[in-house]
Structure formats: C-alpha cells, structure tokens
Amino acid sequence: MTNAGHRITDAHECSQLNELKMDMTGLNMLAGWTTEGDTIMIEQMPIFGGYCGGVEETAICDVATTLASFALFSGNFHLDGPIHIRWGTTTNRESLQIAAHAAAAIDANTDLLLANQYYPMAGPCTEMCLLETAAQAINDTASGRELLSGSAAAKGVVQDKTTGMEARMMGKAALATAGMKVSDVNELLEKLVSGYEGNYNSAPAGKRFQECYDVKTVKPTAEYLQVYDGAVQKLRDLGLDIEN
Amino acid sequence: MAATRALTIPDVYERFVKGKKTDESEWDYTTIPQNATALKEKYHLNFGKKFIPEDKKEMNDLFNAGLEMLVTTGFYNVDLKKVMHLTEEEVWEGIRKTPTKLILGEGRDIARFYPRHGNSPVKPIIQGGPTGSPISEDVFVQVMQSYAQEGIIDDLVNGVMTTIEGHPAKTKTPYEIRATMAELRATKEARIRAGRPGLGV
C-alpha cells in the first residue's frame, strides 16, 4: 500500500491548538507532508466563550487562525468549526454567526479554500439532528464556504451515532441554498434556528448506526426515511426549495 | 517592506526557536483575550442578530481585524513555550503561494475544489463521514459505505476506529497506528462496495 494507504489527492490533517497555538508534533508532520507534496488540510475550532471571549472576538481569532493555516503551516485548505463552550456544538446560533462572518470576511478578500465541520447536538434518526445539520449547511453555503465536512451527530462523542443520512441532509440543504439571496437566507435561518435552540437541554439522543441501517445491506430503515421526509417537509415549509 | 518569500515549515520552526519565551497561561488568559477585545473595539465590530453579513465594509473590517490579530499577536509553540511573529507581507505571500484549485480523489470519482465566492449557485463540495466520531471496528466499513453510497457526497472523512483486533486504539501505543491503518483499509473497502473507489478521503 503506497503512501500508507493515503493517496496524494487525499487530505492529510493537522490541527492547530486553541487559540493561535501549535506543537512540535504538528510541525514535524507538516515537514514530511510538504516535502512529499501531499494535500494538506489544517484544522482549527475556535471556542466561543473560551480564551477569545464573545462572538466578535472569536470571529477575529477565527480569521487569524485561518490565515495562519496558509501563511505559517502551508495548508491547502482550512477546516473551521467554531464550537460553543457550553453546548459543544457547531450548530448553535453563536457558532453559526462566527463561522459565517469569518468565512464571508476571508471570501471577500482572498481565493482561499474554506471548509467547516459539523457537530449537531441531537443524535441520528431525529428531526432535530437533521434540522441542525441543515441550518449549518445553509449558513456555510451562503457565506461562501467551498467544502462542508460531516456530520458528527450527537456532538461526535457517542460511539456509532453517525450515519450517511445526516450527510445526505447536509448536501441537499447546501444544494438548495446555493444561489439564494443572502437576505432571504438570513430570514430562513432565524426561523430555523429559533425552532430548535430551545431544546438543547432535552435534545433527543437518537439511535446508533446499527438501529438506523440494515447492517448487512447498508440500507437506511423505513423509520429513518420517514423522519428524514418529515425534516425535509419542515424545511420546505420554511421556504427552502429542497429535494428529498 | 516586501517579504523575502512565503514562510516554509523550517522557517516557522526557526522563528519559534528564536522567539520570546512566554508562559502559556499568560498567552491564554491575557494576550489572546486582550488583543481580541482591543481589535473588536478598534474596528467597531458588532454582528447584531445577523447570521451572515450582508455589508461589505463589515466583512472587510473583520478581515483586517483578523489579519492584524495574527500579525500583532503572533503564534505560540506549546512545546518550546515561545512566540513567533510574521509580517503582513509574509501573510500575503503565503496566501499567494497557496493553490486556489485542488483535485480530491482520483479517476472518475474526483471532486474539483475551486473558490465559490459569496453564495455562488455552485454547490460546495460535500465531504461525508463521521468527522472523528468513535466508530466500532465491526461496523466501520458499513458506516463509511453509508456515506460513500450517497450521490450528493463528493469526498469522505473518516471516523475513529475505537478498537483494533479487540484492543482499545489508545494513543501512544502500537494499536493507535494499527487502528489508523485499518481505518484506511476499511474506507477503501467502503468506497469499493459503494462503486466509487476513486472518492477522495
């Protein structure tokens, strides 16, 4: 297996540390990858409510660390992921504001390739999880990002609680949003996020992959398809022209 | 003054070595919050309730605040406990040196990674996967296949295999790298089962 199984057109990931920090392990990996000509993705997830402070301060750090990925660490694209110190998600109102402002600011001034990653609160096979995922996909797409990466449902910390169905929603919501007027997108997001942000303390845990799919055939269950169709209908009711 | 060139990884290392020794807690609790707050005030940033900015001046102000944050604050190396600095010109040289077009994956399954700008009608690349979530060894292939088989997905991102041959894939043990290699093999198998062997990872 050449290149340890990773091709030159697969992305090698190196993470910065919070905030505006790096370690020698990261520099050593980057020294190897840059010599080899590998595709390099640098990750950084600024923490809202952490060392930076509020929404605007975190967005300033987000722009700074994104630029550092290219100016200091030879990244080819940057993977963002502003995360809420209390909720541990990227789909909350503040994280969406930070991500969108940082992306739009960099997008307006450079041709850099920008990505974002997904950590919804709710688990798979729940409408809330799909609506959270859609909200971030709408936000990322309309603010100019080039790549959406996810989704790590149930905050990415529970074993086997991610499936392809959440990524289907991420992609379909992005497809429906691309080209919309940003003012219309802002109105849509206000309604969408208001609909789930009161439920963080009682967010549904959802189901494991083994309960969401037939593991032998890798087909989603009828139950999950029904939940998915329900979420699609809610998004249509809010004004998103999304296909299922 | 014009930059001599974009910084390389060895350049960055040398600057860390020659940087000012600084206590990490001072960096975390004083330098970062003070500088971020000062720049928020200097550029009069207030996002209000809007999710996505619609005002070009606000976008430019935030960009300049972030650029200034990087140049005036520098970057901290947690192992050396030192701070390095770079100039604004060096930031721009780094940006200019960065490719603006990438190809992810190979063959008929490639994804073309180009700038979009604003809310372009072009869909972003959809990179599907567990994004580092813990995944059981016995269903790893199937979980990755559930993403690879979705037509809307252009590229994959791995989960983390929690065990390898029954052993916890703990960091700083031989099982860590064995599990990582198994993840790559399993993801390749998932791509093949989904009929998209060239998908990028």
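Use the structure listed above.
To start, this report covers the structure provided alongside it.

Definitions and limits used
- Numbers given for residues are sequential positions, taken from 1 along each chain in its written order.
- Here chains are named by letter from A upward and ligands by number from 1 upward, in the order in which they appear as written.
- With the structure being a predicted model, the display of local features is reserved for residues of pLDDT at least 70 and the display and counting of side-chain atom pairs for 80 or more, all residues being used for whole-chain, interface and lining totals.
- Where helices and strands are cited, they refer to DSSP runs of H or I of at least four residues and of E of at least two residues respectively, numbered from the N terminus.
- Backbone-placed C-beta atoms define the burial measure: a residue is buried with 20 or more other C-beta atoms within 10 Å of its own, exposed with 12 or fewer, and partly exposed in between.
- Here contacts are defined at the residue level, using C-beta atoms placed from the backbone and a cut-off of 7 Å between them.
- Strands are labelled as partners when DSSP assigns at least two bridges between them.
- To estimate how far a helix should extend, the number of its residues minus one is multiplied by 1.5 Å.
- Residue type decides the class: Asp, Glu, Lys and Arg count as charged, Ala, Val, Leu, Ile, Met, Phe, Trp, Tyr, Cys and Pro as nonpolar, and the leftover types, Gly among them, as polar.
- Directions are taken from the helix axis to each C-beta atom, and the arc is the one they span.

1. Regarding the overall build of chain B
Piece 1. When you go through chain B residue by residue, the secondary structure sums to 6 helices and 11 strands.
Piece 2. Taken along its principal axes, the extent of the C-alpha atoms in chain B is 55 × 45 × 40 Å.
Piece 3. Looking at chain B residue by residue over its 201 residues, the buried ones come to 43%.
Piece 4. Restricting to contacts in chain B with at least 6 residues of sequence separation, those with at least 24 account for 64%.

2. Examining the overall build of chain A
Piece 1. For chain A, the helix and strand inventory stands at 8 helices and 10 strands.
Piece 2. With the C-alpha coordinates of chain A rotated into their principal frame, the extents come out at 50 × 45 × 35 Å.
Piece 3. Scored against the burial criterion, the 244 residues of chain A give a buried share of 65%.
Piece 4. The contacts of chain A with a sequence gap of at least 6 include a subset with a gap of at least 24, amounting to 76%.

3. Points about the sheet that holds strand 5 (residues 77-80) of chain A
Piece 1. Read from one edge to the other, the open sheet built from 7 strands follows the order 1(A)-3(A)-5(A)-7(A)-8(A)-6(B)-8(B), with strand pairing classed as parallel. Taken across any chain shown, the strands that pair with only one partner, and hence form the sheet edges, are strand 1 (11-15) of chain A together with strand 8 (155-156) of chain B.

4. Side note on helix 5 (residues 164-177) of chain A
Residue and element names in this part refer to chain A.
Piece 1. Over its 14 residues, helix 5 runs 20 Å from end to end, which matches the ideal 20 Å to within 8%, given 1.5 Å per residue.
Piece 2. In terms of residue burial, helix 5 counts as a mostly covered element, since 13 of its 14 residues are buried.
Piece 3. Following helix 5 by one or two positions, Gly-179 adopts a phi angle in the positive range, close to 100 degrees.

5. Quick notes on the interface of chain A and chain B
Piece 1. Counting from both sides, the interface comprises 95 residues of chain A and, opposite them, 89 residues of chain B.
Piece 2. Counting residues per element, the side of chain A that touches chain B draws most heavily on helix 2 (residues 55-71) of chain A, at 12 residues.
Piece 3. Considered class by class, the residues forming the side of chain A that touches chain B number 49 nonpolar, 30 polar and 16 charged.
Piece 4. In terms of strand pairing, strand 2 (residues 21-22) of chain A meets strand 2 (residues 75-77) of chain B through 2 bridges, oriented parallel. By the bridge assignment, A:Met22 is partnered in strand 2 of chain B with B:Asn77.

6. Quick word on unusual backbone geometry
Piece 1. The omega torsion of the bond from A:Asn18 to A:Glu19 falls at -20 degrees, within 30 degrees of zero and hence cis.
Piece 2. Within the secondary structure, A:Glu19 is located in the loop between strand 1 and strand 2.

7. Things to note about helix 6 (residues 174-193) of chain B
Residue and element names in this part refer to chain B.
Piece 1. Here helix 6 is 20 residues long and its end C-alpha atoms lie 29 Å apart, about the 28 Å a rise of 1.5 Å per residue gives.
Piece 2. By the burial criterion, the buried members of helix 6 are Ala-179, Glu-183, Ala-186, Thr-187, Ala-190 and Arg-191. The buried residues of helix 6 all sit within an arc of 140 degrees when viewed along its axis, so they share a single face. Away from its buried face by more than 90 degrees, helix 6 exposes Pro-174 and Ile-177.
Piece 3. Among the structural elements, helix 5 (140-148), strand 8, strand 9 (160-161) and strand 10 (163-164) are those in contact with the buried residues of helix 6.
Piece 4. Just downstream of helix 6, Gly-195 is the residue with a positive phi angle, here 75 degrees.

8. Overview of the environment of B:Ile110
All names here are of chain B.
Piece 1. Assignment of secondary structure puts Ile-110 in the loop between strand 4 (102-104) and strand 5 (111-113).
Piece 2. Here Ile-110 falls in the partly exposed class, since 17 other C-beta atoms lie within 10 Å of it.
Piece 3. When the C-alpha positions of Ile-110 and Gly-132 are compared, they lie 22 Å apart, and in sequence the two are 22 residues distant.
Piece 4. Not counting the four nearest positions on each side in its chain, Ile-110 is found in contact with Ile-103, Leu-104, Gly-105 and Gly-198.

That's the geometry; what it means functionally is another story.
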